[in-house]
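# Descriptive analysis of the structure
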Amino acid sequence: MSCFGRGLRRTGPARGNSRNELVTPSTASLSRVNGWACPPHSFQLVGWTIYSYMAVVGFGIYIPLLPSPWSHMAYSLTGIAFIVHLVTHVAAVSIDPAEAGVRAKKSYSNPLPVFDKKKQPHVIHNLHCYLCKINVDPKVKHCSVCNKCIEDFDHHCKWLNNCVGRQNYWYFFVTVLSATLGVLVLLMVILFIFIQHYMDPASLRTAQQFDSVLSNGTWLVFLPLAPMETSSVSLLVVAFLTVMLTTGSLLLLVHLLGFHIYLLLNKMSTYDYIITRRREQASRQDIAMGFPQSSDSNGNAGQNHPHMEPSIDCDALLSDRVSCKNQETGTISSRLSGSFCTELDNFTKSSEKENGFYYGTELPTQIIPGEYTHPDYTR
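Residues numbered from 1 in each chain as written. Predicted model: local features only at pLDDT ≥ 70, side-chain atom pairs only at ≥ 80, totals over all residues. Heavy atoms only, no water.

### Quick notes on the packing of helix α1 (residues 42-62) against helix α2 (residues 70-94)
For any two helices packed against each other, the geometry comes down to the angle between their axes and how far apart the axes lie. Our working rule: Here an axis means a line fitted to C-alpha atoms, over the contact stretch when the element is a helix, while the angle between two N-to-C directions is reported on a 0 to 180 degree scale. Think of it this way: any DSSP run of H or I at least four residues long counts as a helix, any run of E at least two long counts as a strand, and we number them from the N terminus. Working definition: roughly parallel below 35 degrees, roughly antiparallel above 145 degrees, roughly perpendicular at 65 to 115 degrees, and oblique for all remaining angles. Crossings are sorted by hand: turned counterclockwise from the far helix by less than a right angle, the near helix makes the crossing left-handed, and turned clockwise it makes it right-handed. Residue contacts follow a heavy-atom distance rule, with two residues in contact if any of their heavy atoms lie within 4.5 Å. Classification used: nonpolar for Ala, Val, Leu, Ile, Met, Phe, Trp, Tyr, Cys and Pro, charged for Asp, Glu, Lys and Arg, polar for all others including Gly.
At their nearest, the axes of α1 and α2 sit 12 Å apart, and the two run at 160 degrees to each other. Comparing the axis directions of α1 and α2 gives the class roughly antiparallel. When you trace α1 past α2, the crossing you get is left-handed. Only Y75, T78, G79, F82, H85, L86, H89, V90 and V93 of α2 make contact with α1, whose side of the interface consists of Q44, W48, Y51, M54, A55 and F59. The class makeup of the residues in the contact of α1 with α2 is 10 nonpolar, 5 polar and no charged.

Here's what the structure looks like:
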């Protein structure tokens, strides 16, 4: 199988000579089955590398140095966290999050048609996807990276190289939770050993293999199965580097975990959160520009007539510049033309850097805060 022979599969429309002219490419896009589909994302490779490094350093170097019974506790807590993370991570990557109608077709080997905006205003329009050729629910979005409709779309995670939706969201959540707990315990273990090395090094040399070591500056790693001698300096240097790595990882994981706990408490998806934030930003821009704010039936100000949003026809996905056309008349046109189009212009610039779009019944998504992408707005 040639993993690197294929180019990135996108659903973005190809451009002709004019800004809105679309041409049919020679080869249509294929859909990704799951996160194991080639090519792997660089974040995915980095994530597995960090996981392997922490497992080797934790279980091979530092946890064996802990005195009993702390070593048994550290083995148990860290081992459970790392095993749960491995299982749920593999599950989140392996599961196909596509909408049920897409999975039923089992046609991932067949190319999808190219989206032509001359025929339809959106990939998903009136709850029908014109690329997957299926009727969908309101929460279904078409991801151009995976090139298929995702059931209850949350975001596209670069660390998993897969979309996160109804089928694998809880696996994704447990993956983040277990990673946070595992990294936290490992960080506490290494900090304890780092401090004890200076205050009471004898408490770290309780293993029987240290009886044959004459010099106090010589330490043993990979106990008890394959003891290897190393210097005190090497032990501290690796500890310092690992503390820096685990601290950075922990900050990102806590941010991401807290963000998704917030979403769960508010019964929102990452996509919903981004759309809400954009509307709030557009409302603030309207106020700053002096446009009047309307009120709903409950007297809440700052509403931007969400029912009017489908009438906006924006060419942000088709051109380097954003042009917005409102089919309605009156003050709505002037009010939207400023802040709304500015927001789309900002999104277009960031999207073109990634060369990917997400098509749905609402505005496209951005990178997710917390995914590094994280903050993976993981798109």
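### As for the sheet that holds strand β3 (residues 134-135)
We apply this condition: Pairs of strands are assigned from DSSP output, requiring at least two bridges between the strands.
Spatial ordering of the open sheet is given by β1-β2-β3, a layout of 3 strands whose pairing is antiparallel. The outermost strands of the open sheet, each flanked by one partner alone, are β1 (124-125) and β3. The pairing of β1 with strand β2 (residues 128-129) spans 2 bridges and is classified as antiparallel. Within the sheet, the bridge partner assigned to H125 lies in β2 and is H128.

### Quick look at the pairing of strand β8 (residues 218-221)
Threshold: Partly exposed describes any residue whose relative accessible area lies between the buried limit of under 20% and the exposed limit of over 50%, with all areas from a 1.4 Å probe on protein chains only and scaled to the type maximum.
Side chains of β8 alternate between two faces, with T218 and L220 and W219 and V221 buried alike. Sheet topology note: the β8/strand β9 (residues 228-231) ladder contains 4 bridges and is antiparallel. Of the residues in β9, the one forming a bridge with T218 is S231. Between β8 and the antiparallel strand that follows it, β9, lie 6 residues; F222 among them carries a positive phi value of about 60 degrees.

### Some remarks on the nonpolar core
Keep this limit in mind: By nonpolar core we mean a set of buried residues, namely Ala, Val, Leu, Ile, Met, Phe, Trp, Tyr and Cys, connected to one another through side-chain atoms within 4.5 Å.
By size, the foremost hydrophobic cluster in this structure holds 43 residues, and its most contacted members are Y62, F172, V189 and F210. Put simply, the parts of the chain that give this core at least two residues each are α1, α2, α4 (169-199), β8 and α5 (232-265). Broken down by element, the residue count for this core peaks at 12 residues, all from α4. Counting 13 residues, the second largest nonpolar core, distinct from the first, contains V102, F115, V123 and C132.

### What to know about helix α6 (residues 270-288)
The condition that has to hold: A helix is expected to span 1.5 Å multiplied by its residue count minus one.
When the terminal C-alpha atoms of α6 are compared, their 27 Å separation across 19 residues agrees well with the 27 Å that a helix rising 1.5 Å per residue should span. With its phi angle positive at about 90 degrees, G290 sits one or two positions after the end of α6.

### Details of the UniProt feature "transmembrane region" (unreviewed entry) in the protein chain
What counts is decided by this rule: UniProt positions are given in the numbering used here, feature names are shortened, and annotations may be inferred rather than shown by experiment.
On the UniProt side, "transmembrane region" (unreviewed entry) is annotated at positions that read residues 45-67, 73-95, 169-195 and 233-265 here. Note that residues 45-67 is 78% helix and 0% strand, and that its end C-alpha atoms are spaced 35 Å apart. Here residues 73-95 is 96% helix and 0% strand, with 33 Å between the C-alpha atoms at its ends.

### Overview of the packing of aromatic side chains
Note the cut-off: We call Phe, Tyr and Trp rings a pair once their centres come within 6.5 Å, taking the six-membered ring for Trp, and we label the pair stacked below 30 degrees between planes, edge-to-face above 60, and tilted otherwise. The criterion is that NZ of a Lys, or CZ of an Arg, lies within 6 Å of the ring centre and within 35 degrees of the ring normal, and then a charge sits over that ring.
Tallying each qualifying case throughout the model produces 14 aromatic pairs. An angle of 25 degrees between the planes, with centres 6.4 Å apart, marks the rings of W36 and W48 as stacked. Here the residue W36 occupies a position in the segment before α1, and W48 occupies one in helix α1, the gap between them amounting to 12 residues. Among the residues examined, W48 registers a relative accessible area of 22% and is labelled partly exposed. The interplanar angle of 35 degrees and the centroid separation of 4.8 Å between the aromatic rings of F43 and W159 together place this pair among those described as tilted. Here the residue F43 occupies a position in helix α1, and W159 occupies one in the loop between β6 (155-157) and β7 (162-164), the gap between them amounting to 116 residues. On the basis of relative accessible area, W159 is assigned to the partly exposed category, the value being 26%. Three or more aromatic residues joined by ring pairs form one cluster here, namely W36, W48, Y51, F59, Y75 and F82. In this structure, K158 packs its charged tip against the face of F43, placed 5.8 Å from the ring centre. One residue, R205, lies across the ring of W219, its end atom 4.8 Å from the ring centre.

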